[in-house]
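Chains, contacts and geometry: an overview
Residues per chain are reported as follows:
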Amino acid sequence: MAQLINYDDIRPYSNDELQSVLQSLLSQQEFIRLVDNYFPAVNIKSLASRIGDFNDIDTFQRVVIAPVLEIFLRNVTSDISCSGIENYNSPAILMSNHRDIVMDPAILAFVMLKHFSITPEIAMGDNLLATKWIEDFVRLNKSIIVKRSISASQKAKAFMQLSSYIRYAVTQKHSSVWIAQREGRAKDSDDRTQESLVKMLALSGDKSFIDNIKELNITPLTISYEFDPCDYLKAKELYERKRNPQYTKAPGEDVFSMQTGIMGFKGRVHYAFSPSINSDLDDIAVAFPSKKEQAVAVCELCDKRIHSAYKFFPINRYAYKLITGDDRFDGIDSGEELLNAEKYVEGQLSKIKSDNADFGELRDILLRMYANPLINNIAATEK
């Protein structure tokens, strides 16, 4: 436990802290109201009486969190599937593309509990932690806090702390860690791994850059949503930022976006596990002499794996044809499926309230969100 002292403000809570943190959560009226409103299957009084039954977080997640997630996900998805389970060798860093702040790790937890009965730790930005009870809840469910609300002078120390903790979690706790491939969501779904993220992960090692990366067993993970409930919000933001680089969101927009992402319908969802990148790292070390070149090559390798494993739906092929003019996927989807895709796009656009906006451009932005994964997949698999 002594080694954890330096990580106390970012690490997940330990088994020893489970009961006291749970007791505190169940005394928070805001938390209770949220559970009552959105998760009526949870009996707070019954849960409070059973706190003493839970001695470890894995058991708590299997007994309490998994059934609640299953019921909730039935209402916001039509199907959850996964592939490449055989490629996952724990411990690993599960590095994925990023669609939704809350739901990406929540659905991953559901998938992992179903197939492995244990969840990974989750890297989550502190910008989501509006209250102490939210921080307590996510850290109780294995979240690692990524410090973003800090000054430039504090970042180097924070990066080293985070890098060191992730390395400790993987190599000593033998715990897998999920982390998005970039800070923030790719609002246009053009998923690219951030070079600074890869460098941060290697920062804490005492070996070469490639060997430091190899120790973490990075396993790319591809997340595919049929529908992104926040697509029209993302389209509006991209549209506004294109016209005004100094654009700032109105108060409450982030909260509304989070609620929309959680409660909105996602259709079919697929998680695809690709093989670890370790088998290709020695070749990268030979081909590229500098650390920067190696970092770029690692990013490109992660991107190729992620792009190659997308699952596609009618809306992706519909958007791809409209954006590119390429008809190679004609005949795969029925006329009804394509009509439904068109209706969906128009329905999402109708949610954007604006008297002056160019809805032709907004439509193009939204269509590109659904076309970009297919464009990237073709580039990754046809080379």
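See the structure printed just above.
In what follows, the accompanying structure is described. (Residues numbered from 1 in each chain as written. Predicted model: local features only at pLDDT ≥ 70, side-chain atom pairs only at ≥ 80, totals over all residues. Heavy atoms only, no water.)

**Topic: the environment of D190**
Summarising the element assignment, D190 is placed in the loop between strand 5 (177-180) and helix 8 (195-203). Setting aside residues up to four positions removed in sequence, D190 forms contacts with N372 and N376. A distance of 3.0 Å separates a polar atom in the side chain of D190 from a polar atom in the side chain of R192. Only 2.9 Å separates the side chain of D190 from the side chain of N376, close enough to count as a polar contact. (Helix = DSSP H or I, 4+ residues; strand = E, 2+ residues; numbered from the N terminus. Contact = heavy atoms within 4.5 Å. Polar contact = N/O pair within 3.5 Å; in protein donor to acceptor, adjacent residues only side chain to side chain.)

**Let's talk about the side chain of Q181**
Along the chain, Q181 turns up in the loop between strand 5 and helix 8. Within the structure, Q181 has its side chain in polar contact with the side chain of D303 (distance 3.4 Å). Ignoring sequence-local partners within four residues, the contact set of Q181 consists of M95, S96, N97, D191, R192, T193, Q194, L197, D303 and I306.

**Quick look at the nonpolar core**
Membership of the largest hydrophobic core comes to 45 residues, with the highest contact counts inside it found for F60, L73, I107, L108, L140, Y271 and F273. With residues up to four places along the chain from it excluded, the contact list for F273 reads S83, G84, I85, N87, Y88, L94, L108, V111, M112, P220 and L221. Judged by nonpolar contacts, the second largest core, of 39 residues, contains Y7, V138, A202 and I213. (Core = buried A, V, L, I, M, F, W, Y, C linked by side-chain atoms within 4.5 Å. Buried < 20%, exposed > 50% of the residue type's maximum accessible area, 1.4 Å probe, protein only.)

**Focus on the packing of helix 12 (residues 278-287) against helix 13 (residues 291-308)**
Viewed as axis vectors pointing N to C, helix 12 and helix 13 meet at an angle of 145 degrees, and their least axial separation amounts to 10 Å. In this structure, helix 12 crosses over helix 13, and the sense of that crossing is right-handed. Mapping the contact onto sequence places D280, L281, I284 and A285 in helix 12 and Q294, A297, V298, L301 and R305 in helix 13. The residue inventory of the contact of helix 12 with helix 13, partitioned by class, reads six nonpolar, one polar and two charged. (Axes fitted to C-alpha atoms, helices over the stretch in contact; angles between N-to-C directions. Left-handed = near helix turned anticlockwise from the far one by under 90°. Nonpolar A, V, L, I, M, F, W, Y, C, P; charged D, E, K, R; others polar.)

Nothing here speaks to function; it is geometry throughout.
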